[in-house]
Amino acid sequence: MTQFSEFTYTTGAFYDISARIESYDMRQLERYVMMEVLRVFGAMITISTLLFVFVGAFSEAQKLDLGIWQVLQIIPYAIPNLMPYTIPATLLLTVCVVYGRMAGDSEIIAARAAGVHIFHLIWPSLFVAATLSIGTLVLTDQVIPWAFSNIERVVALAMEDIFLDKLRAQNHISAKGFGVTINVTGVRGRNLINPTIRVVRGGKASTVQADEAHIEFDLRNQLIWLSLRKIRGKFAKNIQLKSEYERISYALPKHGGNSGSRVKRTRELLVALDGQHERQRIAKQKQAVESAFALARGDFEAFSSTSFNAHEQTAKSAVHEIRGLRTEYYNRFAMSVNCFFVVLLGTPFSILMAKKQFLTTFLFCFLPILTVYYPIAMMTQNLSKSGQLDPSWSAWMANGALLVAAIYYMHRVVKN
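What this report covers is the structure whose coordinates are included nearby. Because the structure is a prediction, the values reported are computed rather than measured. (Residues numbered from 1 in each chain as written. Predicted model: local features only at pLDDT ≥ 70, side-chain atom pairs only at ≥ 80, totals over all residues. Heavy atoms only, no water.)

## Let's talk about the packing of aromatic side chains
Let me state the cut-off plainly: To pair, rings of Phe, Tyr and Trp, with the six-membered ring standing in for Trp, must have centres within 6.5 Å; the planes then decide the type, stacked if under 30 degrees apart, edge-to-face if over 60, and tilted in the middle. Three exposure classes are used, based on accessible area relative to the maximum for each residue type with a 1.4 Å probe and protein chains only: buried under 20%, partly exposed in between, and exposed over 50%.
Summed over the entire model, instances satisfying the criterion amount to 9 aromatic pairs. With a centroid separation of 5.1 Å and 75 degrees between ring planes, the pair formed by Tyr408 and Tyr409 is classed as edge-to-face. When its relative accessible area of 46% is taken as the criterion, Tyr408 is described as partly exposed. Judged by its relative accessible area of 21%, Tyr409 falls in the partly exposed class. One aromatic cluster in this structure is built from Tyr329, Tyr330 and Phe333.

## What about the side chain of Thr347?
Which entries qualify depends on this criterion: Helix and strand assignments come from DSSP, with helices taken as H or I runs of at least 4 residues and strands as E runs of at least 2, each series counted from the N terminus. The criterion used for residue contact is that any of the two residues' heavy atoms lie within 4.5 Å.
Note on placement: Thr347 falls in helix α8 (residues 338-353). Overall, Thr347 belongs to the buried group, its relative accessible area being 0%. Apart from residues no more than four positions distant in its own chain, Thr347 is found in contact with Val95, Tyr99, Ile122 and Ser125.

## As for empty space enclosed by the protein
Heads up, the rule is: Computed over the protein atoms alone on a 1 Å grid, cavities are sets of points where a 1.4 Å probe fits but cannot get out and pockets are open sets with protein on both sides within 12 Å along at least five of seven lines; a residue lines them when it has an atom within 4 Å of a point. Grid points are joined across faces, edges and corners, and a volume is the space filled by probe spheres set on the points.
Going through the model one piece at a time under the given rule, you end up with 1 cavity of 30 Å³ or more. In this model, the largest cavity occupies a volume close to 30 Å³. Taken together, Pro88, Ala89, Val342, Phe366, Ile369 and Tyr374 make up the lining of the largest cavity. Listed by contribution, the elements that provide at least two residues to the lining of the largest cavity are α3 (68-104) and α9 (358-385).

## Let's talk about the nonpolar core
The condition that has to hold: Buried residues of nine kinds, namely Ala, Val, Leu, Ile, Met, Phe, Trp, Tyr and Cys, make up a nonpolar core once their side-chain atoms join them within 4.5 Å.
In terms of nonpolar packing, the biggest core is built from 49 residues, with Leu91, Leu92, Leu121 and Ile369 touching the most fellow members. Broken down by secondary-structure element, the contributors of at least two residues to this core are α2 (26-64), α3, α4 (107-113), α5 (118-170), α8, α9 and α11 (397-415). Not counting chain neighbours up to four residues away, the residues in contact with Leu92 comprise Val342, Gly346, Phe362, Cys365, Phe366 and Ile369. Grouped together as the second largest cluster of nonpolar side chains are 28 residues, Ile173, Ile182, Ile197 and Val208 included.

## Considering the pattern of salt bridges
Applied cut-off: Each salt bridge in this description consists of a side-chain nitrogen of Lys or Arg and a carboxyl oxygen of Asp or Glu lying within 4 Å of one another.
Enumeration over the complete set of coordinates arrives at 9 salt bridges. Note that Arg101 and Asp105 form a salt bridge whose closest N and O atoms lie 3.3 Å from each other. Taken together, the salt bridges that share partners define one network made up of Glu36, Arg39, Arg101, Asp105 and Glu107.

## Concerning α8
Defined as follows: To estimate the expected span of a helix, subtract one from its residue number and multiply by 1.5 Å.
When the terminal C-alpha atoms of α8 are compared, their 22 Å separation across 16 residues agrees well with the 22 Å that a helix rising 1.5 Å per residue should span. For α8, the buried fraction is high: 13 of the 16 residues fall into the buried class. Backbone geometry just after α8 places Ala354 at a positive phi near 50 degrees.

## A short note on unusual backbone geometry
Phi at Ser106 is positive, roughly 65 degrees, even though this residue is not glycine. Tracing the backbone shows Ser106 in the loop between α3 and α4. The phi angle at Asn194 is positive, at roughly 50 degrees, despite the residue not being glycine. Note that Asn194 resides in the loop between β4 (191-193) and β5 (196-201).

Here it is in structure tokens:
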């Protein structure tokens, strides 16, 4: 009797949903699915982005000794840097929530019974994914370089402030990462009074004294500038120094914050690519001219000379840069449309799973992506940079794997 009651309730609910769907206009149904996707995605992208931003910002603050005010300044610029990574995973979770619930509540079956083709239910998520793919490309190409330059500016100002605050409090600072030790008698504004500066480079120490010094950090060029007045002392190799004014620069140590070609705009990548091609051409041309003169003179020792080898090394360096720039260029487009292929796979998979427990569906779908898509993407990037694969097609191999799986699950959904 209980089983019969449950069957009657389920059947009644099914026909109730089917009747409501038949009364809806097709556009109303598509609009309903679209709003569900946007509503869930909006909530989840907000939560995930804020979580990752705060974790990333505070970990970076600990590494650079940034204060709370500098962290709050960095957070708005850190958001665009994380969006290309959070959007695909959040979209996958969104379709697992929306379509898993619809399938679990028999709304998909009721829609099919009412004569609605499955594509009318799926295309809203694909449209959102395609729009976000374009948005991700714009983020990567325009917004991230702008955000990264602003982060550098905030960090540069913060490093100056932290540096000067420590000197004001202790009259001494030892920055081991920079290889610089500074002692002062006082600090006035951004000027150091009676500084004694000791710099260690390559195991060799240089000591300089001055009446006054002004310090600046240039993170874009990875330099620290010291403007010294009335200086005396000696540099490495015991070179004595006496001057009224001198401006000296030292290289900053490399750190993980430098993202290289990732923070270049596409236009800048193409300009850099043309420059490296020209550099390679000139090096080969000079090498060919030297080879011709050496053969004409019968001077075969010239082929092992320093200048001849320098041209060869320059050409090899240019080829290495060209491979890296081409890999970044093509991967930028392939990674931007990644969220479309993720949704193309996740939507039919969620419908087939038909579970309201969206985390289960998400894990079953995300784990294969994590273990297949990302290893393929990293492998093709490394092989492209080493010249073993052409990035114009290898950058799309990972998306191709998602497409094959998506076609399989989409066929099952349409067939069943």
